[in-house]
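Remarks on the overall topology
So you can see what is in the structure, the chains are spelled out below.
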Amino acid sequence: ETGVTQTPRHLVMGMTNKKSLKCEQHLGHNAMYWYKQSAKKPLELMFVYNFKEQTENNSVPSRFSPECPNSSHLFLHLHTLQPEDSALYLCASSQSTGELFFGEGSRLTVL
Amino acid sequence: LAKTTQPISMDSYEGQEVNITCSHNNIATNDYITWYQQFPSQGPRFIIQGYKTKVTNEVASLFIPADRKSSTLSLPRVSLSDTAVYYCLVGDWYNNNDMRFGAGTRLTVKP
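Throughout what follows, the structure given in this document is the object of discussion. Within any chain, residue numbers begin from 1 and follow the written order of that chain's sequence. Key to labels: chains lettered from A, ligands numbered from 1, both in the order written. Where local features are concerned, this predicted model is filtered to residues with pLDDT of at least 70; where side-chain atom pairs are given and counted, the filter is 80 or more; whole-chain, interface and lining totals use all residues. The side-chain quantities take in all heavy atoms of the structure and omit both hydrogens and water.

The next point concerns the packing of aromatic side chains. Residues and elements named next belong to chain B. Side-chain rings of Phe, Tyr and Trp, where Trp is taken by its six-membered ring, are said to pair if the distance between their centres is within 6.5 Å; with planes under 30 degrees apart they count as stacked, over 60 as edge-to-face, and otherwise as tilted. Counted according to the given criterion, the structure contains ten aromatic pairs over all chains. Taken together, a centroid distance of 6.1 Å and an interplanar angle of 85° make the contact between Tyr-36 and Phe-46 edge-to-face. Separated by ten residues along the polypeptide, Tyr-36 in strand E3 (residues 32–38) and Phe-46 in strand E4 (residues 45–50) bring together distant segments of the chain. With a centroid separation of 5.2 Å and 90° between ring planes, the pair formed by Tyr-87 and Phe-101 is classed as edge-to-face. In this pair, Tyr-87 is assigned in strand E8 (residues 84–91) and Phe-101 in the loop between E8 and strand E9 (105–110), connecting sequence segments 14 residues apart. The pair Tyr-87 / Phe-101 is uniform in exposure class, with both members buried. Numbering of helices and strands starts at the N terminus; helices are DSSP runs of H or I of at least 4 residues and strands are runs of E of at least 2. Here's how the labels work: a residue is buried when its accessible area is under 20% of the maximum for its type, exposed when over 50%, partly exposed in between, all with a 1.4 Å probe on protein chains only.

This next bit is on the sheet that holds strand E3 (residues 18–25) of chain A. Residue and element names in this part refer to chain A. DSSP calls a pair of strands paired once it identifies at least 2 bridges connecting them. Strands sit in the order E1-E3-E8-E7 across an open sheet of four strands; the sheet is antiparallel. Each edge of the open sheet carries a strand with a single partner, namely strand E1 (4–7) and strand E7 (64–70). Pairs of neighbouring strands in the sheet enclose a mean axial angle of 15°, with direction left out of account. Summarising the sheet, E7 and strand E8 (residues 73–79) pair through five bridges and their orientation is antiparallel. Across the sheet, residue Asn-70 finds its bridge partner in E8, namely His-73. Orientation is described by axes fitted as lines to C-alpha atoms, over the contacting stretch for helices, and by angles from 0 to 180 degrees between their N-to-C directions.

A few words on the environment of Thr53(B). Residues and elements named next belong to chain B. Its location among the elements puts Thr-53 in strand E5 (residues 53–56). Separated by 51 residues in sequence, Thr-53 and Gly-104 have C-alpha atoms that sit 22 Å apart. Residue contacts follow a heavy-atom distance rule, with two residues in contact if any of their heavy atoms lie within 4.5 Å. Each residue touching Thr-53, except ones within four places of it in the same chain, is listed here: Leu-62, Phe-63 and Ile-64.

All right, on to the sheet that holds strand E7 (residues 70–75) of chain B then. Residue and element names in this part refer to chain B. Taken in spatial order, the four strands of this open sheet run E2-E7-E6-E5, and their pairing is antiparallel. Across the chains shown, the open sheet's two edge strands, defined by having one partner strand only, are strand E2 (18–23) and E5. The average undirected angle you get between the axes of adjacent strands in this sheet is 15°. Looking at chain direction, strand E6 (residues 61–64) and E7 are connected through three bridges and run antiparallel. The partner of Ser-61 across the bridge, within E7, is Ser-74.

Turning our eyes to something else, we now look at the interface of chain B and chain A. Across the contact, 19 residues belong to chain B and 24 residues belong to chain A. Between chain B and chain A, roughly 1800 Å² of surface is buried when both sides are summed, and carbon and sulfur atoms account for 49% of that area. Should a side-chain nitrogen of Lys or Arg be within 4 Å of a carboxyl oxygen of Asp or Glu, the pair is scored as a salt bridge. Where chain B touches chain A, the interface holds zero salt bridges. Throughout this description, a polar contact denotes any pair of N or O atoms lying within 3.5 Å of each other; where both atoms belong to protein, one of them has to be capable of donating a hydrogen while the other can accept it, and for residues adjacent in sequence the pair is counted only when both atoms sit in side chains. Inspection of the chain B/chain A interface yields four residue pairs in polar contact (both at pLDDT 80 or more). Listing elements by their share of the side of chain B that touches chain A, those giving two or more residues are E3, E4 and E8 of chain B. Ten residues, namely Ala, Val, Leu, Ile, Met, Phe, Trp, Tyr, Cys and Pro, are considered nonpolar, four, namely Asp, Glu, Lys and Arg, are considered charged, and the remaining ones, Gly among them, are considered polar. Of the residues that constitute the side of chain B that touches chain A, the class distribution is ten nonpolar, eight polar and one charged. Summed over both partners, buried area is the accessible surface (1.4 Å probe) that two parts give up on being assembled.

This part takes up the state of the cysteines. Residues and elements named next belong to chain A. The definition used for a disulfide is geometric: two cysteine sulfur atoms within 2.5 Å. Throughout the structure, instances matching the rule amount to two disulfides over all chains. Sulfur-sulfur distance for the disulfide between Cys-23 and Cys-91 comes to 1.9 Å. Between Cys-23 and Cys-91, the S-S dihedral sits near -75°, and the bridge is therefore left-handed. Of this pair, Cys-23 sits in strand E3 while Cys-91 sits in strand E9 (residues 87–94), and the two are 68 residues apart along the sequence. Summarising the burial analysis for this pair, Cys-23 and Cys-91 share the class buried.

See below:
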């Protein structure tokens, strides 16, 4: 248990569906992140939020839409995804020490 | 942004000491060095962090030479459960956008 909770753990969706991934951290951290990890590939940083403000968008397609309503919650809204978007989506949080705390991830399959 | 280079893979046997080296030639003055461990289908987990010289905790040691252009993660007496991917991150932790992972080193521990 890292203090970062992701739901759902598994998600299967069609290309025309709209779904959301949720992340919640109970650590009092000020920064939250979304990473994507495709099969046998390194983690790709997608979005960074610092004190609820987005500070990084790593050229992510607009079919991925992040939302950070407060410092404890982070969402990733998904719509009209492609099969190549199938991956493990990891949420993380950190404070200024640089230690990232990751959730267990949401395994997404796009049919 | 300091780029890191690690060996793609390493093999070891149970009970041996494993040393994984990371090169970061353009490390900046404010950058720290952090190592993570990742098991399949899980988020990475913090192992150790350092700035210079040597850092030791209950699971690993981190050796950083004076020029800080490389670092070595040392895992004493590895077991089968240490089979994982190990990542070296270098960054200024006050800049959250530095939280980018490289390819990592896949360590396989054999009986």
